[in-house]
Amino acid sequence: MVLEKYKLLHTALLILVPFGTCMVIGDGLLTPAISVFFAVSGLELSMSKEHHQYAVIPITCFILVCLFALQFYGTHRVGFFFAPVVLIWLLCISALGIYNIFQWNRLVYQALSPYYMFEFLKKTGKDGWMSLGGILSCITGSEAMFADLGHFSYTAIQIAFTFLGYPALILAYRVQAAYLSMHHDNSSHIGFYVSVS
């Protein structure tokens, strides 16, 4: 085998495999924490700063402890419990997306075009690239796909994501874009929660 003949390739593999494993494990640890934290941070709109500061972290930790404690009973039971919740959530953000697109900015669908992405990056330069760090939660969750493959077939996951998950998420992000395109002064707030309240 080629790998056994060259010590450099052997060393590179020894470095890359643990590094990749650490990245997947890190993604698996960070994704639930970031997702739950972002969800709970919507309380900021209904609480004073003093209360919000002391409420978000404990509530996030409590939810995460409950979620990880439920896994003791098996991921199939967690999936059975959360499947209706996720379905209702995806349908709600889809409905809110359609409503808010018509209310705030009907042309926001144009943001799906790669042309506008390149124009944005051309106009904003380095700041535009730095702003892409704000979409971290959009690309995390790769470990969830691997976990789902243990319960569902490859085809079932493709169909669910293509016809329900992806359109719902696109509509949810379009809600924020439509709202923020008309309310530039609220850009410091949490866009999704402000746009649906």
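First things first, this report covers the structure right here in the doc. (Residues numbered from 1 in each chain as written. Predicted model: local features only at pLDDT ≥ 70, side-chain atom pairs only at ≥ 80, totals over all residues. Heavy atoms only, no water.)

In this section: helix H9 (residues 154-182). The end-to-end C-alpha distance of H9 is 40 Å, a good match for the 42 Å that 29 residues give at a rise of 1.5 Å each. Looking only at H9, the buried set comprises Ile 157, Gly 165, Ala 168, Ile 170, Ala 172, Arg 174, Val 175, Ala 178 and Tyr 179. (Helix = DSSP H or I, 4+ residues; strand = E, 2+ residues; numbered from the N terminus. Expected span 1.5 Å × (residues − 1). Buried < 20%, exposed > 50% of the residue type's maximum accessible area, 1.4 Å probe, protein only.)

Applying the stated criterion across every chain, the model contains one salt bridge. As a salt-bridge pair, Lys 122 and Glu 119 come within 3.3 Å of each other at their nearest N and O atoms. Of the two residues, Lys 122 and Glu 119 are both situated in helix H5 (residues 114-124); the distance of three residues between them amounts to about one turn of the helix. By relative accessible area, which is 63% here, Lys 122 ends up exposed. (Salt bridge = Lys/Arg side-chain N within 4 Å of Asp/Glu carboxyl O.)

Structurally, Ser 94 can be placed in helix H4 (residues 75-104). Engagement of the side chain of Ser 94 in a polar contact is seen with the backbone oxygen of Leu 90, the distance being 2.8 Å. Excluding residues within four positions of it along the chain, Ser 94 makes contact with Ala 168 and Leu 171. (Polar contact = N/O pair within 3.5 Å; in protein donor to acceptor, adjacent residues only side chain to side chain. Contact = heavy atoms within 4.5 Å.)

Applying the stated criterion across every chain, the model contains two aromatic pairs. Between Tyr 115 and Tyr 116, the aromatic rings sit 5.2 Å apart at their centres with planes inclined by 80 degrees, giving edge-to-face as the arrangement. When the ring of Phe 161 is compared with that of Tyr 166, the centres are 6.1 Å apart and the planes differ by 45 degrees; the resulting orientation is tilted. Assessed through its relative accessible area of 40%, Phe 161 is described here as partly exposed. (Phe/Tyr/Trp six-rings, centres within 6.5 Å; stacked < 30°, edge-to-face > 60°.)

The subject of this paragraph is a nonpolar patch on the surface. Where nonpolar side chains cluster on the molecular surface, the patch consists of Leu 70, Phe 72, Tyr 73 and Phe 81 and spans about 490 Å² of accessible area. By secondary structure assignment, the location of Phe 81 is in helix H4. (Patch = residues over 30% accessible without salt bridge, like charges linked within 9 Å, V, L, I, M, F, W, Y side chains within 5 Å. Areas by Shrake-Rupley, 256 points an atom, 1.4 Å probe, with all protein chains shown as cover.)

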